[in-house]
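Descriptive analysis of the structure
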Amino acid sequence: MKRHLISAADLSREDAISVLDTAAELASVAGRPIRKLPTLRGRTVVNLFYEDSTRTRTSFEAAAKRLSADVINFSAKGSSVAKGESLKDTALTLEAMGADAIVIRHPASGAPHRLAGWVTGNVINAGDGTHEHPTQALLDAFTMRQRLAAGGVGGSGPAGAGLDGVRVTIVGDVLHSRVARSNVLLLSRLGAEVTLVAPPTLMPYAVQTWPCGISYDLDAELGKSDVVMMLRVQHERMTAAYFPSIREYRRRYGLDMTRMARMPDHAIVMHPGPMNRGVEIAAEVADSPRSTIVAQVANGVTVRMAVLYLMLGGAEEAQ
Amino acid sequence: MSELRGEEWLITGARIAGGDRADIHLSGGVIAAVGAGLSAPGARVLDASGLIVLPGLVDLHTHLREPGADDAETVETGTRAAALGGFTAVHAMANTEPVADTAGVVEQVWRLGEQAGYVDVRPVGAVTIGLAGKNLAELGAMADSAARVRVFSDDGHCVADPLLMRRALEYVKAFDGVIAQHAQEPRLTEGAQLNEGEVASRLGLAGWPAAAEEAIIARDCLLAAHTGSALHVCHVSTAGSVEIIRWAKSKGWRVTAEVTPHHLLLTDDLAEGYDTVFKVNPPLRTRADVDALRAGLADGTIDCVATDHAPHPVEAKEAEWAEAANGMTGLETALRVVQLAMVDTGLLDWAAVADRMSVRPARIGRVAAHGQPLAPGSPGNITCYDPAAGPEAVDPGSHASKSRNSPFGGMELPGRVVATFLRGTATVIDGKVTK
């Protein structure tokens with residue numbers, strides 16, 4: 001693996017499968033009476049969060065603690081020089097404190113790239129602006145493999161397997177979604193066939209060059225999807241004229257029970273959270289057995305454990 | 001600078017605008033003689049064998065940052081950089097602090113230029129008060145001031161209001177002024193960070209669509225035609241803009257345009273690592289745009305090269321991409337970039353370089369003493385350039401500009417400015433400033 005995990009493109013297919021396989025092994029830790037491994041004892045992981053994201057921060061925190069790392073949570077709201085310390089100065093401060101890895105969440109695309117230029121430790125991107133969120137893509141891939149690769153009968157997919165031939169439809173505000181970008185890169189590399197569905201206003205410019213299909217018609221895609229992943233759509237997009245109203249958006253791109261019924265029997269519904277129930281996803285769909293939304297959260301911890309384990313050199317110690 | 005007019009120089013063996021070899025005798029601030037085998041007893045001799053001699057370069061678009069941002073640049077440091085780049089005149093943009101929207105500020109900048117003495121500083125006046133795009137600044141007062149302003153621009157901001165733009169174009173006809181427009185439709189570029197294209201989409205940076213530039217240029221060309229006024233288009237960056245300007249010129253409308261060295265060479269994929277030295281407005285575009293800009297400069301659709309030299313202190317660039325300042329330095333590399341992009345590619349010969357970097361920008365800026373033929377009687381504004389030098393990697397740390405934000409750092413560029421003369425007095429000799 002590369003020294004930093006900033007883009008899903010930093011992972012080769014082998015790297016990605018290695019993360020998924022390691023996560024599958026580590027998942028067993030969660031079932032033990034003492035859920036801790038000594039692997040990262042004495043190592044320091046900093047959670048550097050410039051955006052409120054309790055779910056992602058606590059997921060990384062739990063992952064690091066289960067590997068016995070020391071965790072420092074560093075919250076910094078607002079990022080401009082005018083508002084406070086510059087990212088560079090914060091980076092140098094954390095470096096001086098002996099951070100072995102920095103997990104960064106930042107509203108500006110590319111902030112992890114900049115950070116990586118100023119520190120010697122590993123940088124893990126926990127979501128940067130509208131760019132990427134690679135650990136979300138890894139946990140999504142892990143969840144898909146868990147639910148689908150073994151024939152849709154539950155239990156982990158076979159070690160070493162990718163997602164070859166799995167048809168994944170990602171629906172919603174692709175333009176502003178770091179989750180969509182990372183998933184397109186990672187899932188295509190794992191062999192999945194990804195299709196993006198959104199109103200044309202919420203498709204990125206030149207999306208035709210991405211390794212995925214494009215559709216404006218959700219209903220046309222549902223019947224040929226093994227996975228339907230719904231993205232959060234924010235109310236403020238409406239005022240920027242991306243679509244006329246939440247009601248129209250829901251009618252055209254929301255996943256309700258009627259639409260879910262058109263999906264193949266084995267197909268699953270995913271959502272990276274936080275959800276807007278009643279907007280992009282109906283409450284009944286979110287709470288249905290086909291929804292993996294809660295499993296995604298649980299898998300987030302084990303996948304992030306695997307990333308920290310592999311990146312911080314835990315692999316040599318443990319084997 | 002009259003006390004310096006005593007310098008007397010004999011420049012020997014240079015190729016005049018890349019053509020025939022000749023000697024040039026500078027005396028009394030003017031070109032006294034041009035020809036083979038000149039003798040000038042008592043004159044200092046510059047052996048210019050193998051060098052190209054050009055009329056002193058004129059930049060229509062320079063940010064000298066003074067008053068207000070002397071941590072980035074001062075008139076002194078910026079004009080020293082200009083002389084080292086082969087320039088003898090620069091137009092100082094109005095987006096200073098305070099804004100150059102009154103006779104007082106433009107006179108201050110003009111005087112600072114006179115005191116520094118490296119190049120002629122021609123202040124650009126703001127079109128609107130505070131660059132706010134609401135009310136016309138006192139354009140006539142700036143025109144009548146000691147600075148004798150003829151170019152007006154809200155550069156950094158677009159004069160987006162079509163009625164205000166029409167009025168500005170009309171109003172400056174009274175004193176032969178020109179409005180230099182920063183063409184950027186504001187609504188189409190809210191939050192824009194990088195050329196809207198494959199790279200920006202992948203990097204998750206908000207797109208700056210070509211259409212936002214082209215829409216304003218098209219509108220302004222129509223307004224220039226309707227009012228019979230002079231429009232100058234700043235930093236043209238897209239293939240579509242070149243097409244529109246070509247069309248406007250074909251109608252005989254009074255439209256001129258500039259392109260920056262960086263838009264002639266660099267493309268948006270350089271933003272891949274989010275290195276903010278490549279953040280500039282208008283943004284770096286695609287290879288197809290670069291090719292169209294080069295073709296436009298070659299066929300004269302684009303009149304001139306202008307640097308948009310935009311110095312920034314280190315901390316303004318050491319930030320997240322979205323937070324970092326727009327702009328690149330360019331004075332000290334402009335001619336070398338033009339050699340690489342235009343001359344070494346066969347698109348322009350040196351006579352055409354003289355036209356695009358001196359003659360035409362001087363004409364557009366109404367700078368009478370510059371861009372004149374290298375002939376007896378012309379002011380002694382001369383640049384000596386060695387196209388055979390290098391290529392050598394650019395080291396921003398060695399630049400005379402106060403700022404280090406050159407996008408060409410580490411790039412191998414050909415050529416070297418050997419000497420620059422302002423009204424017969426050397427400002428640069430052997431690639432070093434004379435004072």
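Residues numbered from 1 in each chain as written. Chains lettered and ligands numbered in written order. Predicted model: local features only at pLDDT ≥ 70, side-chain atom pairs only at ≥ 80, totals over all residues.

1. Quick notes on the overall build of chain B
A count of helical and extended segments in chain B gives 12 helices and 21 strands. Once the C-alpha set of chain B is aligned to its principal axes, its extents read approximately 65 × 45 × 45 Å. When each of the 435 residues of chain B is scored for burial, the buried share is 61%. Taking all contacts inside chain B whose residues are at least 6 apart in sequence as the whole, residues at least 24 apart take part in 74%. (Helix = DSSP H or I, 4+ residues; strand = E, 2+ residues; numbered from the N terminus. Buried ≥ 20, exposed ≤ 12 C-beta atoms within 10 Å, placed from the backbone. Contact = placed C-beta atoms within 7 Å.)

2. Digging into the sheet that holds strand β13 (residues 231–233) of chain B
Residues and elements named next belong to chain B. A sheet is described by the order of its strands in space; here five strands give the open sequence β9-β10-β13-β14-β15, paired in parallel fashion. With partners counted over all chains shown, the strands left at the sheet margins are β9 (151–152) and β15 (304–305), one partner each. Judged from the two bridges that link them, strand β14 (residues 255–259) and β15 form a sheet pairing that is parallel. Opposite Val259, over in β15, you have Val305 as the bridge partner. (Pairing = 2+ DSSP bridges.)

3. Notes on the packing of helix α2 (residues 54–66) of chain A against helix α12 (residues 293–311) of chain A
Working note: a packed helix pair is described by the angle between its axes plus the distance between those axes. Residue and element names in this part refer to chain A. For the pair α2 and α12, interaxial distance at closest approach is 8 Å and the crossing angle is 55°. By the angle class used here, α2 and α12 are oblique. Crossing geometry of α2 relative to α12 is assigned as right-handed. Judged by residue contacts, Ser59, Phe60, Ala62, Ala63, Ala64 and Arg66 of α2 engage Gly300, Val301, Arg304, Met305 and Leu308 from α12. When its residues are assigned to classes, the contact of α2 with α12 shows seven nonpolar, two polar and two charged. (Axes fitted to C-alpha atoms, helices over the stretch in contact; angles between N-to-C directions. Parallel < 35°, antiparallel > 145°, perpendicular 65-115°, else oblique. Left-handed = near helix turned anticlockwise from the far one by under 90°. Nonpolar A, V, L, I, M, F, W, Y, C, P; charged D, E, K, R; others polar.)

4. What to know about the interface of chain A and chain B
Often the size quoted for an interface is simply the accessible area lost on bringing the parts together. Opposite the 24 residues of chain A that make contact, chain B presents 17 residues. Only α3 (87–96), α4 (111–116) and α6 (178–189) of chain A provide two or more residues apiece to the side of chain A that touches chain B. The element best represented in the side of chain A that touches chain B is α4 of chain A, accounting for three residues. Residues of the side of chain A that touches chain B, tallied by class, amount to eight nonpolar, 11 polar and five charged.

5. Brief notes about α12 of chain A
Residue and element names in this part refer to chain A. Its 19 residues give α12 an end-to-end C-alpha distance of 27 Å, which sits within 8% of 27 Å, the value for a rise of 1.5 Å per residue. A maximum bend of about 30° is found in α12 at Asn299. Among the 19 residues of α12, 14 are classified as buried, and the element is accordingly described as predominantly covered. Where α12 ends, the next residue or the one after it, Gly313, has phi of about 75°, a positive value. (Expected span 1.5 Å × (residues − 1). Bend = angle between axes of the 7 residues up to and from the residue.)

6. Examining the domain arrangement of chain A
Residues and elements named next belong to chain A. Per the domain assignment, the segments of chain A are domain 1 (8–131 + 297–318) and domain 2 (134–292). Of note, the centres of domain 1 and domain 2, computed from C-alpha atoms alone, are 25 Å apart. Facing 25 residues of domain 1, the contacting portion of domain 2 comprises 23 residues. Elements with a minimum of two residues in the side of domain 1 that touches domain 2: α1 (13–30), β4 (122–128) and α12. Counting residues per element, the side of domain 1 that touches domain 2 draws most heavily on α1, at eight residues. Partitioning the side of domain 1 that touches domain 2 into residue classes produces 13 nonpolar, seven polar and five charged. (Domains from an automatic or database assignment.)

7. Digging into the packing of helix α4 (residues 162–171) of chain B against helix α6 (residues 210–227) of chain B
All names here are of chain B. Interaxial distance between α4 and α6 falls to 10 Å at its minimum, and their mutual angle equals 45°. With respect to each other, α4 and α6 are oriented oblique. Pair α4 / α6 crosses with right-handed handedness. For the pair formed by α4 and α6, the contact residues are Pro162, Met165, Arg166, Leu169 and Glu170 on the first element and Arg219, Asp220, Leu223, Ala224 and Thr227 on the second.

8. Considering helix α12 (residues 350–364) of chain B
Residues and elements named next belong to chain B. Across its 15 residues, α12 extends 20 Å between first and last C-alpha, which sits within 8% of the 21 Å expected from 1.5 Å per residue. The largest bend in α12 comes to about 35°, at Arg356. With 11 of 15 residues buried, α12 lies mostly within the body of the structure. Of all the residues in α12, the buried ones are Val353, Ala354, Asp355, Arg356, Met357, Ser358, Val359, Arg360, Pro361, Ala362 and Ile364. In the segment just after α12, Arg366 is the residue with positive phi, at about 55°.

9. Topic: the sheet that holds strand β8 (residues 227–230) of chain A
Residue and element names in this part refer to chain A. A sheet is described by the order of its strands in space; here five strands give the open sequence β7-β6-β5-β8-β9, paired in parallel fashion. In the strand order of this sheet, the two ends are held by β7 (213–215) and β9 (268–270), each with one partner. Sheet twist, expressed as the mean angle between neighbouring strand axes with direction ignored, is 20°.

10. Looking at the confidence of the model for chain B
Residues at a pLDDT of 70 or more form 99% of chain B, whose mean pLDDT is 97. In the predicted complex, the global pTM is 0.94; the interface-specific ipTM is 0.92. (pLDDT = per-residue confidence, 0-100.)

11. Remarks on the nonpolar core
Soluble globular proteins tend to pack their nonpolar side chains together in the buried interior. Ala141 and Leu308 of chain A together with Val53 and Cys384 of chain B are the most contacted members of the largest nonpolar core, which totals 244 residues. Considering every element that reaches this core, the biggest residue donor is α12 of chain A, with nine residues. Look past the residues within four positions of Val53 of chain B in its chain and what remains in contact with it is Ile11, Ala14, Arg15, Ile16, Ala17, Ile24, Ala48, Leu374, Ile382 and Cys384 of chain B. (Core = buried A, V, L, I, M, F, W, Y, C linked by C-beta atoms within 7 Å.)

12. Remarks on the domain arrangement of chain B
All names here are of chain B. Taken domain by domain, chain B comprises domain 1 (2–52 + 378–399 + 411–433) and domain 2 (56–364). Taking the mean C-alpha position of each, domain 1 and domain 2 sit 27 Å from one another. With 20 residues of domain 1 at the interface, the matching set in domain 2 holds 24 residues. Where the side of domain 1 that touches domain 2 is concerned, the elements lending two or more residues are β16 (382–386), β19 (416–422) and β20 (425–429). Here the residues of the side of domain 1 that touches domain 2 sort into 12 nonpolar, eight polar and no charged.

13. Some points on the confidence of the model for chain A
If pLDDT is low for a region, its predicted coordinates should not be looked at in detail. Residue and element names in this part refer to chain A. Looking at chain A, the pLDDT average stands at 91 and 93% of residues meet or exceed 70. Here residues 152–156 scores under 50 on pLDDT; set against residues more than four positions off or in separate chains, the count is seven contacts. Low pLDDT (under 50) marks residues 315–319, which in the prediction has four contacts with non-local residues, meaning those over four places away or in another chain.

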